[in-house]
Amino acid sequence: MTIEIRRVMVLGTGVLGSQIAFQSAFHGFDVTAYDISDEALAGARDRIAKLAATYRDEVPGAGDGKAEQTEAGIVLTADLAAAVQDADLVIEAVPEVLAIKEQTYRQLGKLAPERTIFATNSSTLLPSDIKDFTGRPDKFLALHFANLVWKFNTAEVMGTPDTDPQVYQAVVDFAAAIGMVPIELHREKAGYVLNSLLVPLLNAAMALSAGGYAEPEAVDKTWRIGTGAPVGPFQMLDIIGLTTPYNILANGDEDAQRLAAWLKTTYLDKGKLGIATGEGFYRYSA
Ligand code: NAD
């Protein structure tokens, strides 16, 4: 029996949820997006309108009214029961707090039709941390997007030992159908593939500069010339923004905390937070 996914419910319409909703609707899926209050939904409406403009400018095929049509087609609601009543797939993007995930899935598990698949977009929790709250561990897995989904279009798919292989395959197929490149993980791994590679690279780069071995420019130049990559690790950090890496390092071991202190005194305290503030490791003109 093949599992058909047509109707998608996006749970949480923040930074990532609004992008996932837009990308899914843009590729022809019926999308309902839920958030907790009318205030949160007003924010969603704004984000979705901005996404329509971005897609028009950046995504092939989004002209001739397609972006506006996509925007108009997304149903927004603060009624969880109504939002999920017809959903084949729920993609959850609520805040990265285990207690919020637990409360969300306990409620959702009771309201959703039996067939509905649940996918979490969590970046740092493993699906095994969440599966027991869902009431349907065989229909639960992680589907992890990267910020700016239309451009950085990987979708990492990671199940638990309980995930039904047919459910896993259906979600891989869905990811491809909305223009993502599905990245299949066979076992659970904190950081999935991308962050398992990226975080050690960024930390090694910072250790080189914080330790006085080489300037950020020299580190980036080495990486670009030595590997053919278009940007170096400090350029990537400026794109990501320095606050998130700082928060992660500040909660880490002694070495990590030394890097956090260096980031803070040399950059954060001076308002150098990356491209968003016009300066990070590099200076950017408006
Ligand atoms: P966000 O804070 O921008 O959005 C979260 C949304 O969830 C808000 O609109 C909030 O109102 C809503 N929400 C729904 N139910 C809620 C509840 N019970 N309590 C509180 N809020 C509720 O967060 P985000 O950055 O979009 O991240 C969401 C998820 O996506 C997280 O699991 C995060 O790890 C993951 N993620 C984020 C990024 C990123 O770059 N921001 C990238 C990949 C994955």
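Conventions and cut-offs
Residues numbered from 1 in each chain as written. Predicted model: local features only at pLDDT ≥ 70, side-chain atom pairs only at ≥ 80, totals over all residues. Heavy atoms only, no water. Core = buried A, V, L, I, M, F, W, Y, C linked by side-chain atoms within 4.5 Å. Buried < 20%, exposed > 50% of the residue type's maximum accessible area, 1.4 Å probe, protein only. Contact = heavy atoms within 4.5 Å. Domains from an automatic or database assignment. Axes fitted to C-alpha atoms, helices over the stretch in contact; angles between N-to-C directions. Helix = DSSP H or I, 4+ residues; strand = E, 2+ residues; numbered from the N terminus. Parallel < 35°, antiparallel > 145°, perpendicular 65-115°, else oblique. Left-handed = near helix turned anticlockwise from the far one by under 90°. 1 Å grid on protein atoms, 1.4 Å probe; cavity = no way out; pocket = protein on both sides within 12 Å on 5 of 7 lines; lining within 4 Å. Points joined across faces, edges and corners; volume = space filled by probe spheres on them. Nonpolar A, V, L, I, M, F, W, Y, C, P; charged D, E, K, R; others polar.

Enquirer: Can you walk me through the nonpolar core in this structure?
Expert: Within soluble globular proteins, side chains that are nonpolar tend to cluster in buried spots. Grouped together as the largest cluster of nonpolar side chains are 40 residues, with contacts concentrated most on Tyr 55, Leu 143, Phe 145 and Phe 174. The contact partners of Tyr 55, leaving out residues within four places of it in the chain, are Gln 19, Phe 22, Gln 23, Phe 26, Ala 62, Val 149 and Trp 150. Formed by 20 residues, the second largest nonpolar core is a distinct cluster that contains Ala 205, Phe 234, Ala 256 and Leu 263.

Enquirer: Is there a simple way to think about the domain arrangement of the protein in this case?
Expert: When the parts of a complex come together, some accessible area is lost, and that lost area is often taken as the interface size. As far as domains go, the protein holds domain 1 (7–184) and domain 2 (194–277). For domain 1 versus domain 2, the distance between C-alpha centres works out to 30 Å.

Enquirer: Got a minute to help me understand the packing of helix α8 (residues 194–210) against helix α12 (residues 254–266) in this structure?
Expert: Any two packed helices are characterised by the angle at which their axes cross and by the distance between the axes. In contact at an axis separation of 10 Å, α8 and α12 are set at 65° when each is read in the N-to-C sense. Here α12 runs roughly perpendicular to α8, going by the angle between their axes. Once α8 is placed against α12, the crossing between them reads as left-handed. Of the residues in α12, those touching α8 at Asn 203, Met 206, Ala 207, Ser 209 and Ala 210 are Leu 259, Trp 262 and Leu 263.

Enquirer: How should the layout of surface pockets be read in this particular structure?
Expert: Any empty space left between the atoms is revealed when a probe the size of a water molecule rolls over them. Considering only enclosed or pocket space, the largest pocket measures out at about 1900 Å³ in volume. Every residue lining the largest pocket is counted, 48 residues in all, and those nearest its centre are Ala 146, Asn 147, Asn 195, Leu 198 and Ile 240. Within the residue set of the lining of the largest pocket, elements represented by two or more residues are α1 (15–26), β6 (140–145), β7 (154–159), α8, α10 (233–240) and α11 (243–250). Ranked by the residues each element gives to the lining of the largest pocket, the list is headed by α8, at eleven residues. For the lining of the largest pocket, the residue count by class is 28 nonpolar, 16 polar and four charged. Taken as a whole, the second largest pocket spans an internal volume of roughly 210 Å³. Forming the walls of the second largest pocket are 14 residues, and the residues nearest its centre are Leu 11, Tyr 34, Ile 36, Val 94 and Thr 104. It is helix α5 (residues 98–111) that provides the largest number of residues to the lining of the second largest pocket, a total of four residues.

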